[in-house]
Amino acid sequence: MTPTSPETPTSAETPTSPASTTRTRSTRRLTTAQALVAFLARQYTERDGRRHRLISATWGIFGHGNVAGIGQALVEAGNGHGNGDANAYANSDGNRNGTGGRTAPRMPYLQGRNEQAMVHAAVGYARQSGRLSAHAVTTSIGPGATNLATGAALATINHLPVLLLPGDTFATRPADPVLQQLEVPYAGDVSVNDCLRPVSRYFDRVTRPEALIPAALQAMRVLADPAETGAVTLALPQDVQAEAYDWPEEFFAERVWPVRRPAPDAAELEAAVRAVRSARRPLIVAGGGVRHSGAEETLAAFTAATRIPVASTQAGKGSLRHDHPADIGGIGHTGTATAGELARTADLVIGVGTRYTDFTTASGTLFENPAVRFLNLNITGFDAHKLAALPLVADARTGLEALTSALAGRGYRVDPVYETEYTGAKEAWEERVEASFATPDPTARPTQTQVLGLLDTLVTEEDILINAAGSLPGDLHKLWRARSRDQYHVEYGYSCMGYEIPAAIGVLLATEARTRPRPVWALVGDGTYLMNPTEIVTAVQENLPLKLVILQNHGYASIGGLSEAVGGERFGTAYRHRAPDGGFTGPPLPVDLAANAASLGLHVLRATTVDDLREALAEARDAEGPTCVYVETETPDTVSGPPPAQAWWDVPVAETASRPAAVKAREEYDRQVAARRRHL
């Protein structure tokens, strides 16, 4: 068949019977990469009657393995020199042409600087988009592909969709090995991309053009399935990417993937109703599933009817506004004292969309009541059965609606004494928050919690705060007053240093269609900043109004504190010169992170005092371009510091040691671990 333009349909004669009768089948001759890009541009999700572009853009760093395949296909898709729309991202669904038809959907391209960071940006976009829209990420073979692994793990652990398109070695093996190829003596079909298998929800290697059709359809199915979603990998050998094939036109038809809202089984629902009605001290643990389902209003209606208090995981914080009477804040090791005490005495724990990580359960020590039982509402049976719970396998919103309806008219509401107890405890905790945020000396260097307090006075429900690692997640979980369902964006499933800056870019891309961009804050410590600052360049390139706050405390403050608690004596956690005795106890390193951020294109505001910081944060919030606020924080004192951990976290301590710090830490560990139980 004669090659044709990528947008030119062709016909092929296909035999349909032994009698040699034929029919015309419309096809299009494209490379595998061109076909994949054209296919992705026509995929949609639909939930509650609203349609969303499933893959709205593709991130990419090009090298051998994708430059002549996916790279060339993206040029064909409207990203060529001068051929595209200056507002390409916003117009990715195509425009009406002069004849009243519709042009081919665009596939916008986003230029990244680090492969892991591109995945983080895609994850931030997917979370802000309610998992209804996602990004693809393309890389070269070798290190470009292996750099995807950390981001893929983060996406899969957090149940957030991202499509990974790493280049792969030649399928036809004309030269073996090729540059950057891993040779495996015992298997000829293994490449470095196989390291993505355990961190992907779906993985396929497309070794023939025609194999793309079932692989691409399976990839879309998984990305759009709320119970299955996560990282999806299609490994693309570089020769196959560039190979042409006659694709059936049906492959490029618009497809809509319904995002299901499964309802609970009738028997499971009845068992759940009985469990709730028999509970005297019930407690709801709201997880990320509440947000993914858009179930916040339904949860509020359920608590209004039952008065059951709601504690939240890191992913679930914001399920209720901080000032909702039933909201008692974060739960677990980084949670509030209010939530911790209620958890210890609860007789029924109702998990809604939570995975029950060790931070939530305090490593199996938090739920102390001998009679405690669990009821888990979750869209996945795997999570619904955790802790020997009564399962209620359903979408969070649908399940809560069913539970509320089934309880209606049966007269259930918690005892007013219990309600008075938790609302009083909530008020007492708010006093501790105020004390932590207080700034008695405006000329002093601020502590980390005072930085949060100044932000707290500045933001509205429009602002979004992004964080992932260090000591900030603990302070935020205990202290932050979430004002909207999506304001609190802390990635704590993988707690990945370096997530914040690229994730903020993804969030900004998800919200840029608004008349006025929402203020998006990326909060990072110096350790996290040094891990992955490269996407600052992308924010500058796209002129995205990123608001980056760098807290300089000269090292890994969170791990330093943990190290001290477990007998590690803060070894290797400070950013200091090596001292004569060999340890890193000399003066702080003369690293100027503000100058570094400025060199990458950010407008930088330096703050040295509380008053300076207040002004800098206000200026950054109003800024129309990417802006950085840099502040060196003070070690918290007894007046202004975060409350200590309200529950335990299991980090095993050396069982034998000669140093007193480790011996003492082991004694405390043995005392705490004795309280752990298995809920059977």
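Please read all numbers here as calculations on a predicted model, not as lab measurements.

**Re the nonpolar core**
With 52 residues, the main nonpolar core has Val 137, Tyr 529, Leu 548 and Ile 550 as its most contacted residues. For this core, the element with the highest residue contribution is helix H18 (residues 500-511), accounting for 7 residues. Those residues in contact with Leu 548, other than ones at most four positions away along the chain, are Ile 501, Ala 522, Val 524, Tyr 529, Ile 536, Leu 602, Thr 627, Cys 628 and Val 629. Among the nonpolar cores identified, the runner-up in size contains 50 residues, and Ile 328, Leu 342, Leu 366 and Tyr 418 belong to it.

**Examining a nonpolar patch on the surface**
Taken together, the side chains of Leu 530, Leu 589 and Val 591 define a hydrophobic patch exposed on the protein surface, amounting to about 220 Å² of accessible area. Tracing the sequence through the fold places Val 591 in the loop between helix H21 (557-565) and helix H22 (593-599).

**What to know about the sheet that holds strand E18 (residues 390-393)**
Pairing is parallel in the open sheet, where 6 strands are placed in the order E15-E14-E13-E16-E17-E18. At either end of the open sheet lies a strand with only one pairing partner, and these are strand E15 (327-330) and E18. Averaged over all neighbouring strand pairs, the angle between strand axes comes to 20°, with direction disregarded. In the sheet, strand E16 (residues 348-352) pairs with strand E17 (residues 373-378) via 5 bridges, with the strands oriented parallel. Bridging across to E17, Val 352 finds its partner in Leu 377. Contacting E16, E17 and E18, helix H8 (residues 266-278) crosses the sheet at an angle of about 130° to E18. Against the sheet, helix H10 (residues 296-306) engages strand E13 (282-286) and strand E14 (310-312), with an angle of about 170° to E13.

**Notes on empty space enclosed by the protein**
Space left empty within the atom packing is revealed by a probe, the size of a water molecule, rolled over the atoms. Applying the stated criterion to the full structure yields 5 cavities of 30 Å³ or more. Computed from the structure, the largest cavity encloses a volume of approximately 670 Å³. Along the wall of the largest cavity there are 47 residues; nearest its centre are His 159, Gly 288, Gly 289, His 292 and Gly 353. Elements supplying a minimum of two residues to the lining of the largest cavity: helix H6 (212-224), helix H9 (288-293), helix H12 (358-361) and E17. Counting residues per element, the lining of the largest cavity draws most heavily on H9, which supplies 5 residues. Residue classes in the lining of the largest cavity are distributed as 18 nonpolar, 20 polar and 9 charged. In this structure, the second largest cavity spans a volume of roughly 120 Å³. Forming the walls of the second largest cavity are 15 residues, and the residues nearest its centre are Asp 327, Ile 328, Gly 329, Trp 429 and Glu 430. Elements that contribute at least two residues to the lining of the second largest cavity include exactly E15, helix H15 (416-437) and helix H17 (472-479). For the lining of the second largest cavity, the leading source of residues is H15, giving 4 residues.

Calculation rules
- Residues numbered from 1 in each chain as written.
- Predicted model: local features only at pLDDT ≥ 70, side-chain atom pairs only at ≥ 80, totals over all residues.
- Heavy atoms only, no water.
- Core = buried A, V, L, I, M, F, W, Y, C linked by side-chain atoms within 4.5 Å.
- Buried < 20%, exposed > 50% of the residue type's maximum accessible area, 1.4 Å probe, protein only.
- Helix = DSSP H or I, 4+ residues; strand = E, 2+ residues; numbered from the N terminus.
- Contact = heavy atoms within 4.5 Å.
- Patch = residues over 30% accessible without salt bridge, like charges linked within 9 Å, V, L, I, M, F, W, Y side chains within 5 Å.
- Areas by Shrake-Rupley, 256 points an atom, 1.4 Å probe, with all protein chains shown as cover.
- Salt bridge = Lys/Arg side-chain N within 4 Å of Asp/Glu carboxyl O.
- Pairing = 2+ DSSP bridges.
- Axes fitted to C-alpha atoms, helices over the stretch in contact; angles between N-to-C directions.
- 1 Å grid on protein atoms, 1.4 Å probe; cavity = no way out; pocket = protein on both sides within 12 Å on 5 of 7 lines; lining within 4 Å.
- Points joined across faces, edges and corners; volume = space filled by probe spheres on them.
- Nonpolar A, V, L, I, M, F, W, Y, C, P; charged D, E, K, R; others polar.

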